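Secondary and tertiary structure notes
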Amino acid sequence: MQSNCEDYSFRELVPDDAPQFRNLRLDALTTSSDVLAATLEEVEADSEGVVRQDIDARIRNGGFSVGAFSKQLEMVGMVNVARPSLERLRHIGCVWGVYVSTEHRNRGLARELLLELIRLARNIEDLHQLHIEVVTSNASAVRLYQEVGFECYGTQPRAIRTNEGYHDEYQLALILR
Ligand SMILES: CC(C)(COP(=O)(O)OP(=O)(O)OC[C@H]1O[C@@H](n2cnc3c(N)ncnc32)[C@H](O)[C@@H]1OP(=O)(O)O)[C@@H](O)C(=O)NCCC(=O)NCCS
């Protein structure tokens, strides 16, 4: 498959990316709220300052985020890894907020973002596995996660409750070491 990811750059995010990070999260909740756990109101409630602190706290806690940027340096995609603070859970990285803005989809960006995330995760010695949850109806995302190496280990019934009802989620893991 021909990828045109060379039109984009990928890098780890820093607290100064907070304005673009917040905008992309708002975009995600506007276009794709049916497959996400957060609500638009919850994302709107966090100011740029709070988002900046969140990015900083994530990095200090051993997690990280990767962004995809267009040639105009607009952030058009993201993936995030959060680390639990409890010592006995710190070997797990929780992947969340996988998103590519609608006009940049189907070019392999999410795949590149996930591969970069996995590459960076492999360099973190005390990070042994990555976990991700995805609503069972999100076939494209499930396929993508399995393609980059995640394996399904369970299904959480009624994981998310929206106005439309309950949604089950697949739980997937990728063993790093
Ligand atoms: C799921 C999501 C992140 C995928 O982003 P994306 O950048 O479009 O993903 P990719 O381009 O890597 O792959 C998507 C599809 O494009 C195809 N594709 C990749 N590169 C391609 C190219 N150059 N030409 C044509 N098709 C291509 C892939 O094979 C894949 O096909 P499939 O859906 O039939 O399996 C995006 O749709 C999204 O943000 N959705 C809303 C939020 C969401 O669902 N997040 C996950 C929650 S857990």
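This report concerns the structure included in the present document.

**Quick notes on unusual backbone geometry**
- Positioned with a positive phi, Leu73 is a non-glycine residue whose angle comes to about 65°.
- With respect to the element layout, Leu73 can be found in the loop between strand E2 (64–69) and strand E3 (75–82).
- In this structure, Arg158 takes a positive phi of about 55° despite not being glycine.
- With respect to the element layout, Arg158 can be found in strand E6 (residues 151–162).
- Judged by local crowding, Arg158 falls into the exposed class, with 10 C-beta atoms found within 10 Å.

**A word on the nonpolar core**
- Grouped together as the largest cluster of nonpolar side chains are 35 residues, with contacts concentrated most on Phe21, Val66, Val79, Val95, Leu113, Leu117 and Ile132.
- Broken down by secondary-structure element, the contributors of at least two residues to this core are helix H1 (18–31), helix H3 (48–60), E2, E3, strand E4 (92–100), helix H4 (109–122), strand E5 (129–135) and strand E7 (165–175).
- Once residues lying within four places of it in the same chain are set aside, the contact partners of Val79 are Ser65, Val66, Val95, Gly97, Val98, Leu113, Leu114 and Leu117.

**Notes on the pairing of E5**
- Along E5, the buried face is formed by Leu130, Ile132 and Val134; none of Gln129, His131, Glu133 and Val135, which line the opposite face, is buried.
- In this sheet, E5 lies alongside E4 in parallel orientation, the contact comprising three bridges. Residue Gly93 lies in a different strand from E5, and its bridge partner there is Leu130.
- In the classification by handedness, the crossover that spans E4, the intervening H4 and the parallel E5 is right-handed.
- With seven bridges connecting them, E5 and E7 associate as antiparallel partners. Bridging from a neighbouring strand, Gln129 pairs with Ile175 of E7.

Thresholds applied
- Residues numbered from 1 in each chain as written.
- Predicted model: local features only at pLDDT ≥ 70, side-chain atom pairs only at ≥ 80, totals over all residues.
- Helix = DSSP H or I, 4+ residues; strand = E, 2+ residues; numbered from the N terminus.
- Buried ≥ 20, exposed ≤ 12 C-beta atoms within 10 Å, placed from the backbone.
- Core = buried A, V, L, I, M, F, W, Y, C linked by C-beta atoms within 7 Å.
- Contact = placed C-beta atoms within 7 Å.
- Pairing = 2+ DSSP bridges.
- Right-handed = clockwise from strand over helix to strand, strands pointing away.

Taken by themselves, the reported measurements are silent on function.
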